[in-house]
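Listed below, chain by chain, are the residues.
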Amino acid sequence: MAHDRVAERLSTELAGSCGLVLNEFDALLFLRMRSVEPVRIGALRGAVALSQPALSRLVARLESRGLLNRSEATDDARSSLVSLTPAGIALIDRAIEIH
């Protein structure tokens, strides 16, 4: 119960201040905590509890907002890599202050 109230309040604050939902925040935070090296999209599954199709849609939304870069993995053409853009770094840094 208390966890739900805290999560709801955090979600409202993130949406209002940063335009992020919790899953987006979690994905951006995961990437921010990693080095500047791109990571495979599948690695984000450790940060957000989404199916592969839902995770792909989340990445597409963040990419369309200019928060992520997506590139093809050089060692596997079936796999994509993602990394934060400068705008993504700035937004997640601001969101971390709220969290």
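Cut-offs applied
- Residues numbered from 1 in each chain as written.
- Predicted model: local features only at pLDDT ≥ 70, side-chain atom pairs only at ≥ 80, totals over all residues.
- Heavy atoms only, no water.
- pLDDT = per-residue confidence, 0-100.
- Helix = DSSP H or I, 4+ residues; strand = E, 2+ residues; numbered from the N terminus.
- Salt bridge = Lys/Arg side-chain N within 4 Å of Asp/Glu carboxyl O.
- Axes fitted to C-alpha atoms, helices over the stretch in contact; angles between N-to-C directions.
- Parallel < 35°, antiparallel > 145°, perpendicular 65-115°, else oblique.
- Contact = heavy atoms within 4.5 Å.
- Nonpolar A, V, L, I, M, F, W, Y, C, P; charged D, E, K, R; others polar.

Peer 1: Help me out: how do you make sense of the confidence of the model for the protein chain in this one?
Peer 2: For any part of a model where pLDDT is low, the fine detail of the predicted coordinates should not be relied upon. A residue-level look at the protein chain finds 93% of positions with pLDDT of 70 or above and a mean pLDDT of 87. Looking over the protein chain, one finds the lowest element-wise mean pLDDT in helix H1 (residues 2-18), namely 72, and the highest in helix H3 (residues 52-64), namely 94.

Peer 1: Help me understand the pattern of salt bridges, please; the structure alone is not making it clear to me.
Peer 2: Between side chains of opposite charge, pairing is possible as soon as their charged atoms come close. Counted under the stated rule, the structure contains five salt bridges. Several salt bridges converge on common partners, so that one network encompasses Glu 24, Arg 61 and Arg 65.

Peer 1: Can you help me understand the packing of helix H2 (residues 22-33) against H3 in this one?
Peer 2: Describing two packed helices takes the angle between their axes plus the distance from one axis to the other. Where H2 meets H3, the closest approach of the two axes is 11 Å, and the angle between their N-to-C directions is 80°. The angle between the axes of H2 and H3 places the two elements in the roughly perpendicular class. Contacts from Asn 23, Glu 24, Ala 27 and Leu 28 in H2 reach Leu 58, Arg 61 and Leu 62 in H3. The class makeup of the residues in the contact of H2 with H3 is four nonpolar, one polar and two charged.

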